[in-house]
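What follows is each chain in one-letter form.
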Amino acid sequence: MKILNIHGYKGLAKNSAYCALTECGYDVCSVGIDYDSEMPLSVLERLCVEYEKNECNAVVGTSLGGFFAALICVKKNCPALFINPCLLPCVVLPELGYSNENGIAEFSSMTGDISDIDVKNVSAVVGLKDEIIKNHDYTKKILGNERYYSVEGGRHSGATLPLKEIITKYGKEIFLGGKL
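Within each chain, residues carry numbers counting from 1 in the order of the written sequence. Only residues with pLDDT of at least 70 get local features here, since the model is predicted, and only at 80 or more are side-chain atom pairs given and counted; chain-wide, interface and lining totals rely on the full set of residues. Remark: hydrogens and water are excluded; side-chain values derive from all non-hydrogen atoms of the structure.

Caption draft 1: Fine view of the pattern of salt bridges. Each salt bridge in this description consists of a side-chain nitrogen of Lys or Arg and a carboxyl oxygen of Asp or Glu lying within 4 Å of one another. Considering all chains together, one arrives at eight salt bridges under this definition. Residues Glu 23 and Lys 164 are paired through a salt bridge, measuring 3.6 Å at the closest nitrogen-oxygen approach. Of the two residues, Glu 23 is situated in helix 1 (residues 16-23) and Lys 164 in helix 7 (residues 163-174); the sequence distance between them amounts to 141 residues. Buried residues are those whose accessible area, probed at 1.4 Å on protein chains only, stays under 20% of the maximum for their type, while exposed residues exceed 50% and partly exposed ones sit between those limits. Residue Lys 164 is classed as partly exposed on the basis of its relative accessible area of 38%. Comment: elements are numbered from the N terminus, with helices defined as DSSP H or I runs of at least four residues and strands as E runs of at least two.

Laid out in structure tokens, this is it:
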């Protein structure tokens, strides 16, 4: 199994999810994205190319990466793990200093596609003390199932979440039986 890992806004390709996945023995492809210099549709296109080129079978997205992971999950009908996903970037990003008005418009136009996600494919880990995505009610409505893990005291950074432990314990269910 090969997993495409997508980092969040101002994040790094080798983020906490990448580290947890590789420590658990998964083969991970992770690319760096400068969200401020690329338009959202271009980012999605590039990520879909990476997914295909690297013969990935699943996707993991942290924060803004979760938005793109959701769109890939819909397009590829693949397993996806979301870590504190930012499913409404047109609302959250301006609060973080993102000022590209055309980018906000693109994010807004892309958001509706997430409603086509097959909840059987998804798992989510959310920190209940997330200081960026302050309310995960929308996340739970879209992604909620038996693989929706709430972490008491967990903050926005994946480093505050027990990702390795969750992936070790539930990886087979998260990745729908996919082998390492």
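Caption draft 2: Region of the structure containing a nonpolar patch on the surface. Nonpolar side chains (Val, Leu, Ile, Met, Phe, Trp, Tyr) within 5 Å and like charges within 9 Å form the patches, drawn only from residues with over 30% relative accessible area and no salt bridge. To measure how exposed things are, a 1.4 Å probe is used in the Shrake-Rupley method; for residues, cover is taken only from the protein chains shown. Together, Leu 88, Val 91 and Tyr 138 make up an exposed nonpolar region whose accessible area comes to about 230 Å². On the secondary structure map, Leu 88 appears in the loop between strand 4 (80-83) and helix 4 (89-92).

Caption draft 3: Spatial organisation of unusual backbone geometry. Despite not being glycine, Asn 77 has its phi angle at roughly 50°, a positive value. Note that Asn 77 resides in the loop between helix 3 (64-76) and strand 4. The phi torsion at Asn 84 lies on the positive side, around 40°, for a residue other than glycine. With respect to the secondary-structure elements, Asn 84 resides in the loop between strand 4 and helix 4. Exposure remark for Asn 84: the relative accessible area of 0% places this residue in the buried category.

Caption draft 4: Broad picture of the packing of helix 3 against helix 5 (residues 101-111). The geometry of helix 3 relative to helix 5 is characterised by a closest axis approach of 11 Å and an angle of 45° between their N-to-C directions. If you check the angle between helix 3 and helix 5, you find them oblique. As for the relative orientation of helix 3 and helix 5, their crossing is left-handed in sense. Facing Leu 64, Phe 67, Phe 68 and Leu 71 of helix 3, the residues of helix 5 in contact are Phe 107, Met 110 and Thr 111. The nonpolar class holds Ala, Val, Leu, Ile, Met, Phe, Trp, Tyr, Cys and Pro. Asp, Glu, Lys and Arg form the charged class, and all remaining residues, Gly among them, are polar. Of the residues contributing to the contact of helix 3 with helix 5, the split by class is six nonpolar, one polar and no charged. Axis geometry follows a simple rule: fit a line to the C-alpha atoms, using only the stretch in contact for helices, then measure angles between N-to-C directions, giving values from 0 to 180 degrees. Any angle that falls under 35 degrees is termed roughly parallel, while one over 145 is termed roughly antiparallel, one within 65 to 115 roughly perpendicular, and all others oblique. A clockwise turn of the near helix away from the far one marks a right-handed crossing, whereas an anticlockwise turn of less than a right angle marks a left-handed crossing. Here, two residues are considered to be in contact whenever any of their heavy atoms come within 4.5 Å of each other.

Caption draft 5: Region of the structure containing the layout of surface pockets. Using protein atoms alone on a 1 Å grid, points that fit a 1.4 Å probe yet trap it form a cavity, whereas open point sets bounded by protein on both sides within 12 Å along at least five of seven lines form a pocket; residues with an atom within 4 Å of a point count as lining. Grid points are joined across faces, edges and corners, and a volume is the space filled by probe spheres set on the points. Each pocket or cavity is described by its volume, and for the largest pocket that value is around 280 Å³. Partitioned by chemical class, the residues of the lining of the largest pocket number six nonpolar, ten polar and one charged. Approximately 210 Å³ is the volume attributed to the second largest pocket. Residue lining of the second largest pocket: 13 residues in total, with Leu 88, Val 91, Val 92, Ile 133 and Asn 135 positioned closest to the centre. If you list the elements that add at least two residues to the lining of the second largest pocket, you get helix 4 and helix 6 (137-143). Residues that form the lining of the second largest pocket fall into these classes: nine nonpolar, two polar and two charged.

Caption draft 6: Region of interest: the state of the cysteines. Here, a disulfide means two cysteine sulfur atoms that sit within 2.5 Å of each other. Applying the stated rule across the entire model yields zero disulfides. Free cysteine: Cys 19, not disulfide-bonded; nearest cysteine sulfur from Cys 24 at 11 Å.

Caption draft 7: Structural context of the pairing of strand 1 (residues 2-6). Most of strand 1 is tucked away: five of the five residues are buried. Judged by which residues are buried, strand 1 turns out to be covered on both faces: Lys 2, Leu 4 and Ile 6 on one side and Ile 3 and Asn 5 on the other are all buried. Strands pair, by our definition, only if DSSP identifies at least two bridges between them. Bridge count for strand 1 against strand 2 (residues 27-30) is four bridges, and the pairing is parallel. Looking at strand 2, one finds that Leu 4 is bridged to Cys 29. For a crossover, the right-handed case is the one in which the path from the first strand over the helix to the second runs clockwise, viewed with the strands pointing away from the viewer. This β-α-β element, strand 1 to helix 1 to strand 2, shows right-handed connectivity.

It is worth stressing that arrangement in space is one thing and function is another; only the former is reported here.
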